[in-house]
Amino acid sequence: MAVIKVCENNYGYGTNEVIEKIKGEKPEVEVEVASCWGYCDECASGPYVFIHDEMVQADTPEELYDILLDTL
């Protein structure tokens, strides 16, 4: 099972909408949300998540969504 880790401080970049969309399409995906994962520089620069314990960054929420779909 895939696990996506997301920082709630990154929601301002649209990450929460991406995660909700993924959860709706792929209910088997587990999502772990934390108030901070400790990657503040990355978090402040754009949308990112961890999937399979690897950081995935994107320029836009749409790009992040596409990357996640390709990875899942």
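Reading the values: rules and limits
- Residues numbered from 1 in each chain as written.
- Predicted model: local features only at pLDDT ≥ 70, side-chain atom pairs only at ≥ 80, totals over all residues.
- Heavy atoms only, no water.
- Helix = DSSP H or I, 4+ residues; strand = E, 2+ residues; numbered from the N terminus.
- Rg over C-alpha atoms; globule rule 2.2 N^0.38 Å.
- Areas by Shrake-Rupley, 256 points an atom, 1.4 Å probe, with all protein chains shown as cover.
- Lys, Arg positive; Asp, Glu negative; His and termini not counted.
- Charge placed at Lys NZ, Arg CZ, Asp CG, Glu CD.
- Buried < 20%, exposed > 50% of the residue type's maximum accessible area, 1.4 Å probe, protein only.
- Arc of directions from axis to C-beta.
- Contact = heavy atoms within 4.5 Å.
- pLDDT = per-residue confidence, 0-100.
- Core = buried A, V, L, I, M, F, W, Y, C linked by side-chain atoms within 4.5 Å.
- Pairing = 2+ DSSP bridges.
- Right-handed = clockwise from strand over helix to strand, strands pointing away.
- Axes fitted to C-alpha atoms, helices over the stretch in contact; angles between N-to-C directions.

Further remarks concern the overall build of the protein. Within the protein one finds 3 helices and 4 strands. Computed over the C-alpha atoms, the radius of gyration of the protein is 11 Å, within 12% of the 11 Å expected from 2.2 N^0.38 for a compact globule of 72 residues. As displayed, the protein offers around 4,200 Å² of accessible surface, 46% of which is attributable to carbon and sulfur atoms. Computed over 4 positive and 16 negative side-chain charges, the separation of the two mean positions in the protein equals 7 Å.

This paragraph deals with helix H1 (residues 15–25). Buried within H1 we find Thr15, Val18, Ile19 and Ile22. One side of H1 carries all its buried residues, which in axial view fall inside an arc of 95°. Within H1, the exposed residues directed more than 90 degrees away from the buried face are Glu17 and Gly24. Lining the buried residues of H1 we find strand E1 (3–7), strand E2 (30–34), strand E3 (48–51) and helix H3 (61–71).

Turning our eyes to something else, we now look at the confidence of the model for the protein. Per-residue confidence for the protein averages 93 on the pLDDT scale, and 100% of its residues sit at or above 70. Confidence, read as mean pLDDT per element, is least for helix H2 (residues 40–43) in the protein (91) and greatest for E3 (96).

We now examine the nonpolar core. By size, the foremost hydrophobic cluster in this structure holds 14 residues, and its most contacted members are Ile4, Val18, Ile22, Val49, Leu64 and Leu68. Every element with two or more residues in this core is listed here: E1, H1, E3 and H3. With near-sequence residues (within four places) excluded, Leu64 lies in contact with Thr15, Val18, Pro47, Tyr48, Val49, Val56 and Ala58.

This paragraph deals with the pairing of E1. When E1 meets E2, the two strands line up parallel, connected through 5 bridges. For Cys7, the partnering residue across the bridge sits in E2 and is Ala34. Handedness of the crossover joining E1 and E2 through H1 is recorded here as right-handed. Sheet topology places E1 next to E3; 2 bridges connect them, and they run antiparallel. Counted as the bridge partner of Lys5 is Phe50 from E3.

A few words now on the sheet that holds E3. Taken together, the 4 strands give an open sheet; going across it, the order is E2-E1-E3-E4, and neighbouring strands pair in mixed fashion. Each having just a single partner strand, E2 and strand E4 (54–57) make up the two edges of the open sheet. Across the sheet, the axes of successive neighbouring strands diverge by a mean angle of 25°, strand direction being ignored. H1 contacts E1, E2 and E3 of the sheet and is inclined by roughly 155° relative to E1. Where H3 meets the sheet, it contacts E1, E3 and E4, and its direction lies at approximately 10° from that of E3.

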